[in-house]
Amino acid sequence: MKLTGAELFVKALKEEQVEFLFAYPGGQAIDLFNALYGEPDIKVILPRHEQGLIHAADGYARSTGKVGVCLVTSGPGATNLVTGIATANYDSVPLVCFTGQVPTGLIGNDAFQEVDIVGITRSITKYAVTVRNRDDLADTIRKAFYIARSGKPGVVVVDLPKDIQQEAGSDQYPSEIHIRGYKPNRSVHGGQIKKAWDILQAAKKPLLLAGGGIMIAHAQDELTRFVDMTGIPVITTIMGKGAIASDHKLYGGNIGIHGSYAANSAVNACDVLLSIGTRFNDRITGKLETFAPHAVVIHIDIDPASISRNIDVDVPIVADAKAAITALLEKAVPLEIDAWRTRIDTWKQTYPIQMKHPGMTPQVIIQHINEAFTEAVITTDVGQNQLWATQFLELHARKQLLTSGGLGTMGYGLPAAIGASLGNPDRPVIVIAGDGGIQMNIQELATAVVQELPIIICILNNGYLGNVRQWQEMFFDRRYVSTCTRYRKGCSAACNTPDQNCPEFVPDFVMLAESYGAKGIRVQNISEIDPALTMAKENQKTPTLIEFLIDREINVLPIVQPGQSLNTMIGME
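Because the structure is predicted, anything quoted here is derived from the model rather than measured. (Residues numbered from 1 in each chain as written. Predicted model: local features only at pLDDT ≥ 70, side-chain atom pairs only at ≥ 80, totals over all residues. Heavy atoms only, no water.)

Draft legend 1. View of the pairing of strand β16 (residues 399–402). Residues K399 and L401 line one face of β16 and the alternating positions Q400 and L402 line the opposite face, and both faces are buried. Bridge analysis of strand β15 (residues 376–380) against β16 gives 4 bridges, and the strand direction is parallel. What sits directly across from T379, in β16, is L402. As for the winding sense of the linkage, the β-α-β connection from β15 through helix α17 (residues 384–392) to β16 is right-handed. (Buried < 20%, exposed > 50% of the residue type's maximum accessible area, 1.4 Å probe, protein only. Helix = DSSP H or I, 4+ residues; strand = E, 2+ residues; numbered from the N terminus. Pairing = 2+ DSSP bridges. Right-handed = clockwise from strand over helix to strand, strands pointing away.)

Draft legend 2. Broad picture of the packing of aromatic side chains. Across all of its chains, the model carries 12 aromatic pairs by this definition. Where F20 meets Y60, the ring centres are 5.7 Å apart and the plane angle is 75°; that geometry is what we call edge-to-face. Placement of F20 in strand β2 (residues 20–23) and of Y60 in helix α3 (residues 50–64) is noted, with a sequence separation of 40 residues between them. Side by side, F20 and Y60 carry an identical accessibility label, which is buried. Here Y261 and Y351 contribute two aromatic rings whose centre-to-centre distance is 4.2 Å and whose plane-to-plane angle is 40°, an arrangement assigned as tilted. Of this pair, Y261 sits in helix α12 (residues 261–269) while Y351 sits in the loop between α15 (338–350) and α16 (362–372), placing them 90 residues apart in sequence. Connected via pairs of aromatic rings, a cluster forms that spans F20, F22 and Y60. K43 extends its terminal NZ or CZ atom over the ring of F20, reaching a point 5.5 Å from the ring centre. (Phe/Tyr/Trp six-rings, centres within 6.5 Å; stacked < 30°, edge-to-face > 60°. Lys NZ or Arg CZ within 6 Å of the ring centre and 35° of its normal.)

Draft legend 3. Representation of the environment of C70. By the element assignment, C70 lies in strand β4 (residues 68–72). Setting aside chain neighbours within four positions, we find C70 in contact with L21, F22, L53, I54, A57, V96, C97 and F98. (Contact = heavy atoms within 4.5 Å.)

Draft legend 4. Seen up close, the environment of T236. Considering the arrangement of structural elements, one finds T236 in strand β10 (residues 234–236). In sequence terms T236 and G259 are 23 residues apart; their C-alpha atoms lie 9.1 Å from each other. For T236, the residues in contact, after removing those within four places along its chain, are L209, A210, K241, Y251, G253, N254 and I255. In this structure the side chain of T236 is engaged in a polar contact, spanning 2.7 Å, whose partner is the side chain of Y251. At 2.7 Å, the side chain of T236 forms a polar contact with the side chain of N254. (Polar contact = N/O pair within 3.5 Å; in protein donor to acceptor, adjacent residues only side chain to side chain.)

Draft legend 5. Structural detail: the packing of α16 against helix α22 (residues 529–538). Where α16 meets α22, the axes come as close as 10 Å, and the angle between the chain directions of the two elements is 45°. Relative to α22, the element α16 lies oblique. Where α16 crosses over α22, the handedness of that crossing is right-handed. On α22, the residues that touch V364, I365, H368, I369 and A372 of α16 are I529, D530, L533 and K537. Its residues assigned to classes, the contact of α16 with α22 shows 6 nonpolar, 1 polar and 2 charged. (Axes fitted to C-alpha atoms, helices over the stretch in contact; angles between N-to-C directions. Parallel < 35°, antiparallel > 145°, perpendicular 65-115°, else oblique. Left-handed = near helix turned anticlockwise from the far one by under 90°. Nonpolar A, V, L, I, M, F, W, Y, C, P; charged D, E, K, R; others polar.)

Draft legend 6. Representation of α12. Across the 9 residues of α12, 8 count as buried, placing the element largely inside the fold. The secondary structure elements touched by the buried residues of α12 are β9 (206–210), β10, β11 (251–254), β12 (272–276) and α15.

Draft legend 7. Structural view of the sheet that holds strand β14 (residues 315–318). In space, the 6 strands of this open sheet follow the order β11-β10-β9-β12-β13-β14, with parallel pairing throughout. For this open sheet the edge positions go to β11 and β14, each flanked by a neighbour on one side alone. Between one strand axis and the next, the sheet turns through 15° on average, direction left out of account. As defined by bridge partners, strand β13 (residues 296–301) adjoins β14 across 4 bridges and the pair is classed as parallel. Residue pairing for β14: D301 is matched across the bridge by V318. Lying on the sheet, helix α9 (residues 190–202) is in contact with β9, β12, β13 and β14; it crosses β14 at an angle near 135°.

Draft legend 8. Here's a closer look at the nonpolar core. If you look at the biggest cluster of nonpolar residues, it comprises 65 residues, and the most contacted ones within it are L208, F226 and L273. The element contributing the most residues to this core is helix α14 (residues 321–329), with 6 residues. Those residues in contact with L208, other than ones at most four positions away along the chain, are L223, F226, V227, I232, P233, V234, I235, L274 and I276. Counting 51 residues, the second-largest nonpolar core is a separate cluster that includes V93, C97, I124 and I418. (Core = buried A, V, L, I, M, F, W, Y, C linked by side-chain atoms within 4.5 Å.)

Draft legend 9. Representation of helix α5 (residues 82–90) in the model. Buried within α5 are the following residues: G84, I85, A86, T87, A88 and N89. For α5, the elements touching its buried residues are α3, β5 (95–101), α6 (117–121) and β7 (155–161). Note on α5: the residue one or two positions beyond its end, S92, has a positive phi of about 60°.

Draft legend 10. Local environment of the sheet that holds β2. Reading across the sheet, the 6 strands line up as β3-β2-β4-β5-β7-β6 and stay open at both edges, with parallel pairing between neighbours. On the outer flanks of this sheet lie β3 (43–45) and β6 (127–130), each paired with one strand and no other. Going from strand to strand, the sheet's axes swing by 20° on average, the running direction of each strand aside.

Draft legend 11. Up close: the pattern of salt bridges. Within the structure shown, the criterion is met by 18 salt bridges. One salt bridge connects D198 with K194, and the closest N-O pair in it is separated by 2.9 Å. Of this pair, D198 and K194 both sit in helix α9, separated by 4 residues, roughly a single helical turn. Judged by relative accessible area, D198 falls into the partly exposed class, the value being 37%. K194 sits in the partly exposed class, given a relative accessible area of 47%. Here E473 makes a salt bridge to R469, at a shortest N to O gap of 2.7 Å. Remark: R469 and E473 occur in helix α20 (residues 466–475); sequence separation between them is 4 residues, near one turn of the helix. (Salt bridge = Lys/Arg side-chain N within 4 Å of Asp/Glu carboxyl O.)

Draft legend 12. Expanded view of the packing of helix α1 (residues 5–15) against helix α7 (residues 137–149). Between α1 and α7, whose axes approach to 10 Å, the crossing angle comes to 30°. On the basis of the axis angle, α1 is roughly parallel to α7. Note that α1 runs across α7; the crossing there is right-handed. Facing G5, L8, F9, A12 and L13 of α1, the residues of α7 in contact are L137, A138, I141 and F145. For the contact of α1 with α7, a count of residues per class yields 8 nonpolar, 1 polar and no charged.

Draft legend 13. Here's a closer look at the pairing of β13. Within β13, 5 of the 6 residues are buried, which leaves the element mostly enclosed by the surrounding structure. Bridge count for β12 against β13 is 5 bridges, and the pairing is parallel. The residue of β13 that forms the bridge with L274 is I298.

This is the structure:
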């Protein structure tokens, strides 16, 4: 039996058990959409912008562990995916993105809506390819899904010229694929595991740094068992937050430029650092030369290119996090490090992360969210809202955090929540966002409304692009340039003193939510928080947007000035 390329595309998605296809139509993809018409097994989710589409696919993938799948047209449809592709690839999210393309005979002729999307995205994908022969279509799609989900997950772009979509050919779809030169490591080197364990056993001050690789490998249970068996204290990166329950007695908090005093002090004092699933980026390490200065570094990562890239590693272990921790569990015994654990506990108790600012602070708001939701998927945007969320959210096995860590993409939170809600219909989904980032993809409120998703959107509105404003305050002599979101044409160009005379904020978020068909609530004091969250929980047919009006110049503390050592934390007094 012969099928057109478009019909084979649909068959391939069904073979790959694709549940949702996040898709926006256009001329060079219309044959693919035509083949999807009336298809009962694949739910096509139409966003209001392609960037919203790919962030939604990302949120679906992160929250379910499945591959997220996108479909857009050529030209601007494809280029609108670029930020989302980089966002997902930096954080090792498995996505397969299909893009329409002009017919093969027109490629290179500057045809209408032609772009070289493979060339544009090659450096921000795991693999990108244009299908130029109908006979290669099935193998290419099978390869795309295999590459996206295997080894270190990532993004694959498959560019489909219009004539390939229309050409008839074989209906066969391969059940297996073998890619020459691509052999993801599935084993753990026993000798390196033994070496790592021997070093840990001899340590007086061992420390475990858990990164996002723990979450990708779904190794939270194994990590917790290893920590419970050995008694080794744990700290996390932002992407690793939730790898172990936030209230675990051995959890010391996040590391990095907005990390806890206990976590940053522990990494400075430890004699062995067991790092699992992190790239050691600059937001974690601060000044490289002063990071973990006394430690023997053991680094477990599935990507060999990540090991010794930024930090010199003494014991490299290339392996999946779950497999490596399982191997370590076979050797694990309690370690006699009571004095070290007591020291970290003392740091935690003496220097907790807390906001001493009076009134309705982000800490207070997030604590109320913690109490109101025992389980949830929580997405964040990027900026102060993200950092407060990573500081104060209580996470565990049924409370998951999705955030853009590697690229730091504003506009991520709302569409990611849409994908998470579709993939997790039995769990509450909450967005924590700022007044700036939420507006970058605010149009996706329409998508959430038409899909009847009861997402709860919590906007921390301080009338500023808060993270940059904080840097301007602390490191640029309060020169507030282009960060005030209440600015009007008549305002002074040199204003840095917000007061009650500032112009009204635009837009009115409550009215905007209601114009989309969502519920809008404004909260101005602590007594209104719980009633607002209760109303949001009871509203199960539409999104609820809650605008929290917070102090305009409230800061994320502690902070390490970029490029400085982790022991130079500001704001711990």
